[in-house]
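Spelled out, the chains give:
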Amino acid sequence: MRWNLAVAALATSWGFISVIVVGVKLGPVPLSVYRTASAALVLAAGLALFRRLELLRVPRRRGRLCASGVLLAFHWWCYFETIKLAGAAVANFTVYTAPILLAVVAPLVLPEARSRIALAAVVPGGAGLVVIALGGGGGGGHVRPLAICIGLLGALTYAVMVVVTKSLTTELPTLTITFWNYAVASVALAPFLPTAGRILPHWGELPWIVLLGVVFTGISGYLYVSLLGHVTAQAIGILSYIEPVSAALLTWAILGQPFGWQVAAGGALVVLAGALIVFFEPAEVRPIEAPSVS
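Here the structure is a predicted model, which means the values were calculated and not measured.

Moving on, we come to the packing of helix α3 (residues 28-49) against helix α9 (residues 174-189). Where α3 meets α9, the axes come as close as 8 Å, and the angle between the chain directions of the two elements is 145°. Taken as a pair, α3 and α9 cross one another with a handedness that is left-handed. Across the interface between the two elements, Val29, Ser32, Val33, Thr36, Ala37, Ala39, Ala40, Leu43, Ala44 and Leu47 from α3 touch Leu175, Thr178, Phe179, Tyr182, Ala183, Ala185, Ser186 and Leu189 from α9. For the contact of α3 with α9, a count of residues per class yields 14 nonpolar, four polar and no charged.

A word on the pattern of salt bridges. A side chain of one charge can pair with a side chain of the opposite charge when the charged atoms of the two come close. Summed over all chains, the structure comprises three salt bridges. The salt bridge partner of Arg52 is Glu54, with a shortest N-O separation of 2.7 Å. Overall, the relative accessible area of 31% leaves Arg52 in the partly exposed class. Two residues, Glu171 and Arg61, come together in a salt bridge whose shortest N-O distance is 3.0 Å. With a gap of 110 residues between them, Glu171 in the loop between α8 (145-168) and α9 and Arg61 in the loop between α3 and α4 (62-86) connect regions that are remote in the sequence.

Nonpolar side chains collect at one region of the surface, where Trp208, Leu211, Val215, Ile219, Tyr222 and Leu223 lie side by side and expose about 510 Å² of accessible area between them. In this fold, Leu223 is placed in helix α10 (residues 206-228). Of the residues examined, Leu223 reaches a relative accessible area of 39% and is grouped as partly exposed.

Cut-offs and rules
- Per chain, residue numbering runs from 1 following the sequence as it is written.
- In keeping with the predicted nature of the model, local features appear solely for residues at pLDDT of at least 70, side-chain atom pairs appear and are counted solely at 80 or more, and the whole-chain, interface and lining totals rest on all residues.
- Computation of side-chain values: all heavy atoms of the structure, hydrogens and water removed.
- Convention adopted: a line fitted to C-alpha atoms gives each axis, helices being fitted over their contacting stretch, and angles between N-to-C directions are expressed from 0 to 180 degrees.
- Counting from the N terminus, the helices are the DSSP runs of H or I reaching at least four residues and the strands are the DSSP runs of E reaching at least two.
- Two helices that cross are described as forming a left-handed crossing if the nearer one is turned anticlockwise from the farther one by less than a right angle, and a right-handed crossing if clockwise.
- In this analysis, two residues are considered to be in contact whenever any of their non-hydrogen atoms come within 4.5 Å of each other.
- All amino acids are sorted into three groups, where Ala, Val, Leu, Ile, Met, Phe, Trp, Tyr, Cys and Pro are nonpolar, Asp, Glu, Lys and Arg are charged, and the leftover types, Gly among them, are polar.
- By salt bridge we mean one thing: a side-chain nitrogen of Lys or Arg within 4 Å of a carboxyl oxygen of Asp or Glu.
- Only protein chains enter the calculation, and the probe is 1.4 Å; a residue is then buried if its accessible area is under 20% of its type maximum, exposed if over 50%, and partly exposed in between.
- Within the patch definition used here, like charges are joined within 9 Å and nonpolar side chains (Val, Leu, Ile, Met, Phe, Trp, Tyr) within 5 Å, considering only residues with over 30% relative accessible area and no salt bridge.
- The accessible surface values rely on the Shrake-Rupley method and a 1.4 Å probe; as for residues, cover is taken only from the protein chains in view.

The values reported here are purely geometric and, on their own, carry no functional implication.
What follows is the structure, given as structure tokens:
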């Protein structure tokens, strides 16, 4: 249960990402580049400090690792762009259809059994997100067909990325996967910077961008990849439903965005889905661990 609870706590902390994205008036491309680049830099600095730079070597699965980084870059671009186009509620509702995809696809491509608990939790979790989105809990913007399409692309890339990254945890150390995910994502997004209206952040935005990159990307990403070795892809997908509820609460408390009964009712359903996973979904029988690097 402790691993599922750790994922739930991590997903709750991700609610701060929506607060930062709404507050920082940068486009999705520069925001994603700064996020991934600062995360890669802080991880490299940490490895250098503890004299573990050998973890930057990738002895195998380089193509799959690069694919994981590209998927990560595209996923975050989709998520941020949907927030900018239609607000946090619509972004979270569309992007977080990914757990449904994971519940269907993960058992087909990963060595994990289909989880009845995860399938059951999809029902209250998905219903809760629908209620939140229809109530406009995230604030900000009209629902456009383009925003829905981009959000659904974000869901697809997230589901594929989880499957690819989880498969990598059997063969590569967690820090190796995390660093190269962010480094590749930065390189993949950098050529699109000239298309952004404003590239450089204002001075007042810098602390928030650093917080987003270092804490909610670098450190958070390392913890996420670590937990993938102990929790099934289906469970981690359902537990990620907690993020949009946390985002709605935090954008209300910090930014003053609307918080109505729909968010409360939808949030209760999402919490119920998360509770089903935390208390009834077992951790993997054989936790996946990468080979140690001496």
